[in-house]
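The lines below spell out each chain.
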Amino acid sequence: MSFSFGFTNEDLDIDQSISNNLQNNQINENTSFVNPLDAPELKQNDVIQPQIESLESILASLKDVRVSYESIDIPTMSQSIEQPKLYRRDLFDMKHQLMSEDDSITTQQENSNELDILIHEDLRKNIYEGGLKSWECSIDLVSLLNESFHRTKDLSFNETNCIVEIGCGTALPSEFIFQQYLKQGTITGLNMILTDYNSSALRLATIPNLIITWINTCLNEEQIHNTQPENISMKYDQEIVFSEKLLQLFIDDMNLKNINIQLISGSWGRDFTNLLHDLLKNIINCNKLLVLTSETIYQPDHLPLISETLIDLKQNTNFTHVNQMIAAKDIYFGVGGSLIEFENYLRNRRIAFITKKVNAGLKRSIVIA
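Position numbers for residues count from 1 along each chain, tracking the sequence in the order it is written. Owing to the predicted nature of the model, reporting of local features is limited to residues with pLDDT of at least 70; listing and counting of side-chain atom pairs is limited to 80 or more, with chain, interface and lining totals taken over all residues. Side-chain measures were taken over the full set of non-hydrogen atoms in the model, leaving aside hydrogen atoms and water.

An unreviewed UniProt entry lists the protein under the name protein-histidine N-methyltransferase, with Maudiozyma exigua as the source organism. UniProt positions are given in the numbering used here, feature names are shortened, and annotations may be inferred rather than shown by experiment. What UniProt records for the protein under Sequence similarities (unreviewed entry) is the sentence "Belongs to the methyltransferase superfamily. METTL18 family."

What follows is the structure, encoded as structure tokens:
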């Protein structure tokens, strides 16, 4: 048996009413359609342009950083399903690192205005898109992934798999799959392409969370102790120094287990999708692609971009199976985005999907396409 993302035919088939809706709302083929990915405003100076980030450079910037973190018990959709535990670097710890870094590193990552926004605000358009904080819908996505894995009883990784998480931030959904792969003890191969608007989110949240997960999944107490500086006093139980020895052990184990982590920062658009395709073309012996994203449709301006990015990945890759999971709040009060607008966009572009409602006080959903 191979690793499965747990989607049944019932999940992915479109019923007759949805098919009719798609046909009634499709774009007239005689009208000219300008793809939002090619919008000229995406090239403006105030928009961070997409680029591939170096994992080696990020790890170098984390050398000897003292990191504190917390464990998260993910709620399950059924009492019969095992509750997963994930790990997440503390938000105050990320902000402390930003404030304590010397000027030479800070100026490489963000100017003083951006630094102030990263420390004091949840998000600001075209500057900081909230990647240091874990948002509710990313946890919903983990719950659904966990449920699908247990429902199919198929947790093996017997072939190479590929994950793309768009707007990953703390990357909890990708972290869950990464953790499952590590627990299997396999070396068949896992490719992870993680993207966020801010390179600082990839550096301070995404990669540290993967390292912390690896530590808690793969290392015993003695191995951890042997990587830590001598005579160091820890303030918290869940605190560790990213020593050079620890980081090298992480790199070596990723190579041993055939885990390939690639990173893209910057805005969505044609240049972004081109970078994605370049990375995906280099992945061999893999016919399954899982695309994950959460809390990315909150801005009406963003909605066409994320929609077309997902459509492009669905239609223009060589993978045999492309599954996509998009988690979002039904309505983003005060911001303008909404689930129904996203669903209508997909219908107009003739994209098949189903929507699963999340059992929560604040209405949230996961769209599977």
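Novice: What am I meant to see in the overall build of the protein here?
Specialist: A tally of regular secondary structure across the protein gives 14 helices and eleven strands. Think of it in three bands: with a 1.4 Å probe and only protein chains considered, a residue is buried below 20% of the maximum accessible area for its type, exposed above 50%, and partly exposed in between. Relative to its 369 residues, the protein shows a buried fraction of 56%. Carbon and sulfur atoms make up 46% of the accessible area of the protein, which totals about 17000 Å². The helix count covers DSSP runs of H or I at least four residues long, the strand count covers runs of E at least two residues long, and both are numbered beginning at the N terminus. Areas reported here follow the Shrake-Rupley algorithm with a probe of radius 1.4 Å; residue values treat only the protein chains shown as occluding.

Novice: Before we go on, may I ask you to explain unusual backbone geometry in this structure?
Specialist: With glycine set apart, most residues show a phi of negative sign, and most peptide bonds adopt trans. Phi is positive for N258, close to 55°, though the residue is something other than glycine. Position of N258 relative to the elements: it lies in the loop between α11 (244-256) and β7 (259-265).

Novice: What is the right way to read the environment of R364 from this model?
Specialist: Of note, R364 is situated in strand β11 (residues 364-368). The buried category is assigned to R364, whose relative accessible area is 13%. A sequence separation of 228 residues divides R364 from E136, and the C-alpha atoms of the two residues are 8.9 Å apart. In what follows, residue pairs with any heavy atoms lying within 4.5 Å of each other are defined as contacts. Ignoring sequence-local partners within four residues, the contact set of R364 consists of E136, C137, D140, A328, K329, D330, K357 and V358.

Novice: Quick question: what am I supposed to make of the environment of A352 here?
Specialist: Here A352 shows up in the loop between α14 (339-348) and β10 (354-358). Judged by its relative accessible area of 30%, A352 falls in the partly exposed class.

Novice: Can you walk me through the packing of helix α13 (residues 303-315) against α14 in this structure?
Specialist: The geometry of a pair of packed helices is captured by two quantities: the angle between their axes and the separation between those axes. Every axis in this analysis is a line fitted to C-alpha atoms, fitted for helices over the stretch in contact. Angles between the N-to-C directions lie between 0 and 180 degrees. Contact pair α13 / α14: the axes reach a minimum separation of 10 Å and the direction vectors enclose 45°. With respect to each other, α13 and α14 are oriented oblique. In this structure, the crossing between α13 and α14 has a hand that is right-handed. Contacts between α13 and α14 involve L303, P304, S307, E308, L310 and I311 from the first element and E341, F342 and Y345 from the second. Class assignment for the residues of the contact of α13 with α14 results in six nonpolar, one polar and two charged. Oblique is the label for every angle not falling under 35 degrees (roughly parallel), over 145 degrees (roughly antiparallel), or within 65 to 115 degrees (roughly perpendicular). Note on convention: near helix rotated counterclockwise from far helix by under a right angle means a left-handed crossing. Clockwise means right-handed. Under this grouping Gly is polar, as are all residues other than the nonpolar Ala, Val, Leu, Ile, Met, Phe, Trp, Tyr, Cys and Pro and the charged Asp, Glu, Lys and Arg.

Novice: What is the right way to read the sheet that holds β10 from this model?
Specialist: The strands making up a sheet associate through hydrogen bonds between their backbones, and the pairing can be parallel or antiparallel. Whether two strands pair depends on DSSP finding at least two bridges between them. The strand order across the open sheet formed by eight strands is β1-β7-β5-β4-β8-β9-β11-β10, and the pairing between neighbours is mixed. The strands lining the two open edges of the sheet, one partner per strand, are β1 (51-53) and β10. Across the sheet, the axes of successive neighbouring strands diverge by a mean angle of 20°, strand direction being ignored. Sheet topology note: the strand β4 (residues 161-166)/strand β8 (residues 288-294) ladder contains five bridges and is parallel. Residue pairing in the sheet places E165 in a bridge with L292 of β8.

Novice: Would you take a moment to explain the confidence of the model for the protein for this structure?
Specialist: Regions with low pLDDT should not have their predicted coordinates read in detail. Residues with a pLDDT of 70 or more make up 80% of the protein, whose mean pLDDT is 83. pLDDT runs from 0 to 100 and stands for how confident the predictor is about each residue. Within the model, the stretch residues 1-30 combines pLDDT values under 50 with 63 contacts to residues more than four positions away or in other chains. Within the model, pLDDT remains below 50 along residues 104-112, and this stretch shows twelve contacts once partners closer than five positions in the same chain are excluded.

Novice: For this particular structure, what's the right way to read the packing of aromatic side chains?
Specialist: Each aromatic ring pair is described using two quantities: the centre-to-centre distance and the angle formed by the ring planes. What counts as a ring pair is set by centres within 6.5 Å for rings of Phe, Tyr and Trp (its six-membered ring), and what kind of pair is set by the plane angle: stacked under 30 degrees, edge-to-face over 60, tilted for all other angles. One pass over the structure, following the stated rule, counts three aromatic pairs. Their ring planes at 75° and their centres at 6.1 Å tell us that Y69 and Y87 sit as a pair that is edge-to-face. You can see Y69 sitting in strand β2 (residues 65-73) and its partner Y87 sitting in strand β3 (residues 85-89), a full 18 residues away along the chain. The class of Y87 is buried, set by a relative accessible area of 11%. Between Y298 and Y332, the ring centres sit 6.2 Å apart and the planes meet at 55°, which makes this aromatic pair tilted. Here Y332 lies in the loop between β9 (321-329) and α14 and Y298 lies in the loop between β8 and α13, a separation of 34 residues in the sequence. Of the residues examined, Y332 reaches a relative accessible area of 9% and is grouped as buried.

Novice: Please clarify how the sheet that holds β3 should be interpreted in this entry.
Specialist: Here three strands make up an open sheet; going across it, the order is β3-β2-β6 and the pairing antiparallel. In the strand order of this sheet, the two ends are held by β3 and β6 (239-242), each with one partner. Adjacent strand axes in the sheet meet at a mean angle of 40°, parallel and antiparallel pairs treated alike. Along the sheet, helix α4 (residues 91-100) contacts β2 and β3; its crossing angle with β2, the most-contacted strand, is approximately 160°. Contacts from helix α9 (residues 199-218) reach β2, β3 and β6, with the element oriented near 135° to β3.

Novice: Can you walk me through α14 in this structure?
Specialist: Structural remark: α-helix, 3.6 residues per turn; residues separated by three or four positions point the same way. Residues of α14 that are buried include every one of L339, F342, E343, Y345, L346 and R347, and no others. Trailing α14 by a residue or two, R350 shows a phi angle of about 60°, which is positive.

Novice: Looking at this structure, I do not really get the nonpolar core. What am I missing?
Specialist: One broad rule of soluble globular proteins: the nonpolar side chains tend to lie buried together. Only buried residues count toward a nonpolar core, which is a set of Ala, Val, Leu, Ile, Met, Phe, Trp, Tyr and Cys residues joined through side-chain atoms within 4.5 Å. One finds I177, I207, I211, W214, F242 and I261 to be the most contacted residues of the largest nonpolar core, which totals 95 residues. In contact with W214, other than residues within four places in its own chain, are F178, L182, L219, L246, L249, F250, D253 and M254.

Novice: How should the pairing of β3 be read in this particular structure?
Specialist: Along β3, four of the five residues are buried, which leaves the element largely enclosed by surrounding structure. Sheet analysis places β2 next to β3, joined by five bridges and oriented antiparallel. Residue pairing in the sheet places S71 in a bridge with Y87 of β3.

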